[in-house]
Amino acid sequence: MLRHELNKLKDMGLLLEVNDEVDVKFQLGGILKKYKNRRPIIFNKVKGYKIPVCGALYTDREVLYKLANIKHEERIFKFMESIANPKPVKLLSYGPVMENIITNNIDITKFPHPYFHEKDSSCYITAGMLVVKDINTGKRYTSIRRFQVLGKDKISILIASPYLTNQFLEIEKQNKPLEVAIVLGYDVPFLLASQVSSELYGVDKYEIDSALRGEPLEVVKCKTVDLEVPAYAEIVLEGVILPNVREKEGPFGELMGYYGQQAMHPVIQIQAIMHRNNPIYQTAFPCREEHLANGLLREVELFYSLKRLVDVKDVHVTLAGGYRFHAIASIRKKQEGDGKTAIIGALSSIKDLKHVVIVDDDIDIFDRDDVELAIATRFQASRDLVIIPDACGSSLDPSHTLKGVTDKMGIDATKPLNNERFERCKIPNF
Ligand SMILES: Cc1cc2nc3c(=O)[nH]c(=O)nc-3n(C[C@H](O)[C@H](O)[C@H](O)COP(=O)(O)O)c2cc1C
């Protein structure tokens, strides 16, 4: 789990260790941002706490591939294979996360929850992995959500998933609480499995984790709720989402670097804490780069949506587009119309996707210059631009919130078939 990956990062010379004292209020986040959230960092001395904090561990594509032992070309098939063939977990009677179990005098403010942006309403748990069981099927559902710290034993949760919202509303109707666990200190398979869209696949995300890691995820039972958590996690908070309780949440600096507005959100009552001896606290800078894992799973959805329609080579959901608003796809064009068809497939594959560029397979979609070359030389706006006004988009895009709808745009930057004017210059033997 986390410790193993920190050691791997250290061995690869990729982990920056900060031994000067840092403040969780603004300073820690400021340093993560200074390194563009792409350099894994561990802060060993955190002012007022004895617990080190690590961040930006899973933010760089190449680093993540190395940690997960995945090759870029294989990633989509490996993820899809794990979704299609989930594997059972292994239940242990004891795990290191049980070294300390606290059920009285709960105080989560003893952990160094960072305070990131100027106007944030509070400190937040930003890398917390929420674990719940589907109330109808019992399948385990994980997702990273943001949790606003309200006090020693209370946090609020922003549930931005129709699936989870429906689960909670269904149980709230019966005036019952929803049992949850929040896990800090996990690794890449656990993270990637959590980003699989439950709407699409309806699977047990723990079992996807087992398939991805190539061995069973080892779990232990929680103390006060009917849930299992990774045996090697660093910190686990157990609690319930209270029915019919809402508290003010936000503002909070979030995706794309804008503030999410204040609103009323459900509240979690924390009733137990489990943690390892000398726990390490995991955080994620709440801006955009931390969503790489989410983008990697959106690439799976995009790839398979295109595969049905055209001969797709590769897809790229980009960092600068928050890993959800922008995508580039390369296709092996077989007939005129493939480019536009790919635009239709792409824009219908991910709700939040706003702009997509389709290029030929000689273009490197991970090289911005190459993509720009395709737009500059193969695209004519009057013929190759597709605009769909007023579709559903993401409320995390401020330009969408103006009207509550968003325009979608596709750029067909593929060249016409069999036209020698598009032959690219080559130097023999280079
Ligand atoms: C580091 C990180 C932070 C995230 N933070 C949030 C968040 O604050 N709120 C949210 O709704 N989704 C957040 N996500 C995305 C969800 O975890 C993701 O959409 C979910 O796990 C996929 O399941 P779903 O399709 O059922 O929502 C985050 C993802 C990552 C990788």
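Taking an unreviewed UniProt entry as the reference, the protein chain is identified by name as 2,5-furandicarboxylate decarboxylase 1 belonging to Caloramator fervidus. Turning to the protein chain, the UniProt record has this under Sequence similarities (unreviewed entry): "Belongs to the UbiD family."

Participant: Could you clarify how one ought to interpret the UniProt feature "domain: 3-octaprenyl-4-hydroxybenzoate carboxy-lyase-like N-terminal" (unreviewed entry) in the protein chain in this entry?
Facilitator: Taking the numbering used here, the UniProt-annotated feature "domain: 3-octaprenyl-4-hydroxybenzoate carboxy-lyase-like N-terminal" (unreviewed entry) corresponds to residues 6–82. Regarding residues 6–82, the helix share stands at 39% and the strand share at 12%, and the terminal C-alpha atoms are separated by 24 Å.

Participant: In this structure, what is going on with the packing of aromatic side chains? I would like to understand it.
Facilitator: One pair of aromatic rings is described through two measures. These are the centre distance and the angle between the planes. Evaluated as defined, the whole model comprises 8 aromatic pairs. Seen in terms of ring centroids, Phe303 and Tyr304 are 5.5 Å apart; in terms of plane orientation they differ by 70°. Their pairing is edge-to-face. The exposure class assigned to Tyr304 is partly exposed, which follows from its relative accessible area of 28%. Cluster of aromatic residues (ring-pair linked, three or more members): Phe77, Phe303 and Tyr304. Above the face of the Tyr115 ring, Lys25 is positioned so that its terminal group lies 4.3 Å from the ring centre.

Participant: Would you mind showing me how to read helix H2 (residues 27–34) here?
Facilitator: Every α-helical turn comprises 3.6 residues, leaving residues that sit three or four positions apart pointing alike. Those residues of H2 that sit buried are Leu28, Gly29, Ile31 and Leu32. The arc that holds every buried residue of H2, seen down its axis, measures 160°, which confines them to one face. The secondary structure elements touched by the buried residues of H2 are strand S2 (41–43) and strand S3 (53–55). Positive phi shows up at Lys36, right after H2, with a value of about 55°.

Participant: Which parts of the structure should I look at to understand the UniProt feature "domain: 3-octaprenyl-4-hydroxybenzoate carboxy-lyase-like C-terminal" (unreviewed entry) in the protein chain?
Facilitator: Sites flagged by UniProt as "domain: 3-octaprenyl-4-hydroxybenzoate carboxy-lyase-like C-terminal" (unreviewed entry) map to residues 294–413. End C-alpha to end C-alpha, residues 294–413 measures 26 Å, and it is 36% helix and 27% strand.

Participant: I keep staring at the packing of helix H4 (residues 75–84) against helix H9 (residues 292–307) and nothing clicks. Help me out?
Facilitator: Between two packed helices, what matters for the description is the angle formed by their axes and the separation of those axes. Running from amino to carboxyl end, H4 crosses H9 at an angle of 90°, the nearest separation of the two axes being 10 Å. By the angle class used here, H4 and H9 are roughly perpendicular. The segment H4 lies against H9, with Arg75, Ile76, Phe77, Phe79, Met80 and Ile83 engaging Leu296, Leu297, Glu299, Val300, Phe303 and Tyr304. The residue inventory of the contact of H4 with H9, partitioned by class, reads 10 nonpolar, no polar and 2 charged.

Participant: Explain unusual backbone geometry here, please?
Facilitator: What is expected of a backbone is that most residues other than glycine have negative phi and most peptide bonds are trans. Look at the link from Gly250 to Pro251: it is a cis peptide, with omega at 0°. Tracing the chain through its elements places Pro251 in the loop between strand S14 (235–249) and strand S15 (252–253). Phi at Asn37 takes a positive value of approximately 55°, unusual for a residue other than glycine. Within the element layout of this structure, Asn37 appears in the loop between H2 and S2. With a phi angle near 55°, Asp390 is a residue other than glycine that sits in the positive phi range. Topologically, Asp390 is positioned in strand S22 (residues 385–391).

Participant: Please explain the sheet that holds strand S21 (residues 355–360) as it appears in this structure.
Facilitator: What holds strands together in a sheet is hydrogen bonding between their backbones, with the strands either parallel or antiparallel. On the basis of which strands lie adjacent, the open sheet formed by 5 strands has the order S19-S20-S21-S23-S22 and mixed pairing. Lying at the two open borders of the sheet, with one neighbouring strand each, are strand S19 (312–317) and S22. Each neighbouring strand pair of the sheet contributes to a mean axis angle of 15°, computed without reference to strand direction. Examined bridge by bridge, S21 and strand S23 (residues 406–412) share 4 bridges and lie parallel to one another.

Participant: Please explain the site of the ligand as it appears in this structure.
Facilitator: Around the ligand sit 18 residues, and of these Tyr141, Ile144, Arg145, Ser194 and Ser198 come closest. The backbone of Ile144 places a nitrogen or oxygen atom 2.9 Å from an oxygen atom of the ligand. Between the ligand and Asn294, the relevant distance is 3.4 Å, taken from an oxygen atom to a side-chain nitrogen or oxygen of the residue. Against a free-state accessible area of 630 Å², the protein chains account for coverage of 86% of the ligand. Per-element tally for the shell around the ligand: the top contributor is strand S8 (residues 140–144), with 4 residues.

Participant: What am I meant to see in the layout of surface pockets here?
Facilitator: The rolling of a water-molecule-sized probe over the atoms marks out the regions of remaining empty space. The calculated volume of the second largest pocket comes to roughly 510 Å³. Broken down by secondary-structure element, the contributors of at least two residues to the lining of the second largest pocket are strand S20 (326–331), S21, helix H11 (368–378) and S23. Residues that form the lining of the second largest pocket fall into these classes: 14 nonpolar, 5 polar and 4 charged.

Participant: Any chance you could explain helix H10 (residues 338–347) here in plain terms?
Facilitator: In terms of burial, H10 is a largely internal element, 7 of the 10 residues being buried. Every buried residue of H10 is listed here: Asp338, Gly339, Ala342, Ile343, Gly345, Ala346 and Leu347. On its buried face, H10 is in contact with H9, S20, S21, S22 and S23.

Participant: When you look at the pairing of S19 in this model, what are you seeing that I'm missing?
Facilitator: Along a regular strand, successive side chains alternate from one face of the sheet to the other. In terms of burial, S19 is largely enclosed, as 5 of its 6 residues are buried. Pairing of S19 with S20, which is carried by 5 bridges, proceeds in the antiparallel orientation. Within S20, the position partnered with Val315 by the bridge is Ala329.

Participant: What am I meant to see in a negative patch on the surface here?
Facilitator: The grouping of Asp364, Asp367, Asp369 and Glu372 at the surface amounts to a negative patch. Residue classification places Asp369 among the exposed residues on the basis of a relative accessible area of 58%.

Conventions we followed
- Residues numbered from 1 in each chain as written.
- Predicted model: local features only at pLDDT ≥ 70, side-chain atom pairs only at ≥ 80, totals over all residues.
- Heavy atoms only, no water.
- UniProt positions renumbered as here; feature names shortened; annotations may be inferred.
- Helix = DSSP H or I, 4+ residues; strand = E, 2+ residues; numbered from the N terminus.
- Phe/Tyr/Trp six-rings, centres within 6.5 Å; stacked < 30°, edge-to-face > 60°.
- Buried < 20%, exposed > 50% of the residue type's maximum accessible area, 1.4 Å probe, protein only.
- Lys NZ or Arg CZ within 6 Å of the ring centre and 35° of its normal.
- Arc of directions from axis to C-beta.
- Contact = heavy atoms within 4.5 Å.
- Axes fitted to C-alpha atoms, helices over the stretch in contact; angles between N-to-C directions.
- Parallel < 35°, antiparallel > 145°, perpendicular 65-115°, else oblique.
- Nonpolar A, V, L, I, M, F, W, Y, C, P; charged D, E, K, R; others polar.
- Pairing = 2+ DSSP bridges.
- Near = heavy atom within 4 Å.
- Polar contact = N/O pair within 3.5 Å; in protein donor to acceptor, adjacent residues only side chain to side chain.
- Areas by Shrake-Rupley, 256 points an atom, 1.4 Å probe, with all protein chains shown as cover.
- 1 Å grid on protein atoms, 1.4 Å probe; cavity = no way out; pocket = protein on both sides within 12 Å on 5 of 7 lines; lining within 4 Å.
- Points joined across faces, edges and corners; volume = space filled by probe spheres on them.
- Patch = residues over 30% accessible without salt bridge, like charges linked within 9 Å, V, L, I, M, F, W, Y side chains within 5 Å.
- Salt bridge = Lys/Arg side-chain N within 4 Å of Asp/Glu carboxyl O.
- Lys, Arg positive; Asp, Glu negative; His and termini not counted.
- Charge placed at Lys NZ, Arg CZ, Asp CG, Glu CD.

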